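Overview (structure and organization)
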Amino acid sequence: MPPEFVISVKSGDGEYMVGVTCDIHKNTFTEKLELLQREGKVPQGTISFTGLKPVGTSCIKVNPDDLIEL
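Presented here is a report on the structure given in the accompanying data block. (Residues numbered from 1 in each chain as written. Predicted model: local features only at pLDDT ≥ 70, side-chain atom pairs only at ≥ 80, totals over all residues. Heavy atoms only, no water.)

In this section: the sheet that holds strand S2 (residues 14–21). Here three strands make up an open sheet; going across it, the order is S2-S1-S3 and the pairing antiparallel. Each edge of the open sheet is held by one strand with a lone partner, namely S2 and strand S3 (46–51). Averaged over neighbouring strand pairs, the angle between their axes works out to 30 degrees when direction is ignored. Two strands pair when backbone bridges link them, and strand S1 (residues 5–11) and S3 are joined in this way by six bridges, in the antiparallel orientation. Bridge pairing in S3 links Lys10 to Thr46. Contacts from helix H1 (residues 26–38) reach S1, S2 and S3, with the element oriented near 150 degrees to S3. (Pairing = 2+ DSSP bridges. Helix = DSSP H or I, 4+ residues; strand = E, 2+ residues; numbered from the N terminus. Axes fitted to C-alpha atoms, helices over the stretch in contact; angles between N-to-C directions. Contact = heavy atoms within 4.5 Å.)

Okay, here's the thing in structure tokens:
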């Protein structure tokens with residue numbers, strides 16, 4: 001599943017990127033981040049999901065044989 005969202009934590013004057021996720025795992029990541037915030041391992045703040053938009057350009061060329069499935 002391709003990533004659909006950038007996950008960040010907005011805390012005070014800063015914003016900290018945590019990772020990326022697909023829509024299916026969004027709730028799982030929210031629960032885990034809230035747990036890590038309670039344990040003091042991730043800064044307190046609002047968990048934010050920002051949608052990713054695919055971008056294509058003529059200078060990026062991909063050979064289908066180079067792609068692997070995880």
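What follows covers the packing of aromatic side chains. Inspection of every chain in the model, using the stated rule, returns one aromatic pair. With a centroid separation of 6.2 Å and an interplanar angle of 90 degrees, the aromatic rings of Phe5 and Phe49 are classed as edge-to-face. Placement of the pair is Phe5 in strand S1 and Phe49 in strand S3, with a sequence separation of 44 residues. Taking relative accessible area as the criterion, Phe5 reaches 16% and is therefore assigned buried. Here the guanidinium or amino end of Lys26 rests over the ring plane of Phe5, the centre of that ring lying 4.4 Å away. The positively charged end of Lys26 is found above the aromatic ring belonging to Phe49, 5.1 Å away from the centroid. (Phe/Tyr/Trp six-rings, centres within 6.5 Å; stacked < 30°, edge-to-face > 60°. Buried < 20%, exposed > 50% of the residue type's maximum accessible area, 1.4 Å probe, protein only. Lys NZ or Arg CZ within 6 Å of the ring centre and 35° of its normal.)

With that settled, the discussion passes to H1. Taking 1.5 Å per residue, 13 residues should reach 18 Å; H1 reaches 19 Å between its end C-alpha atoms and fits that length. Looking at the buried residues of H1, the elements they touch are S1, S2 and S3. Just past H1, the residue Gly40 takes up positive phi, approximately 80 degrees. (Expected span 1.5 Å × (residues − 1).)

A word on a nonpolar patch on the surface. A cluster of nonpolar residues, Met17, Val20 and Leu52, forms a patch on the protein surface that exposes about 290 Å² of accessible area. Take Leu52: it is sitting in the segment after S3. You can call Leu52 partly exposed: its relative accessible area is 39%. (Patch = residues over 30% accessible without salt bridge, like charges linked within 9 Å, V, L, I, M, F, W, Y side chains within 5 Å. Areas by Shrake-Rupley, 256 points an atom, 1.4 Å probe, with all protein chains shown as cover. Salt bridge = Lys/Arg side-chain N within 4 Å of Asp/Glu carboxyl O.)

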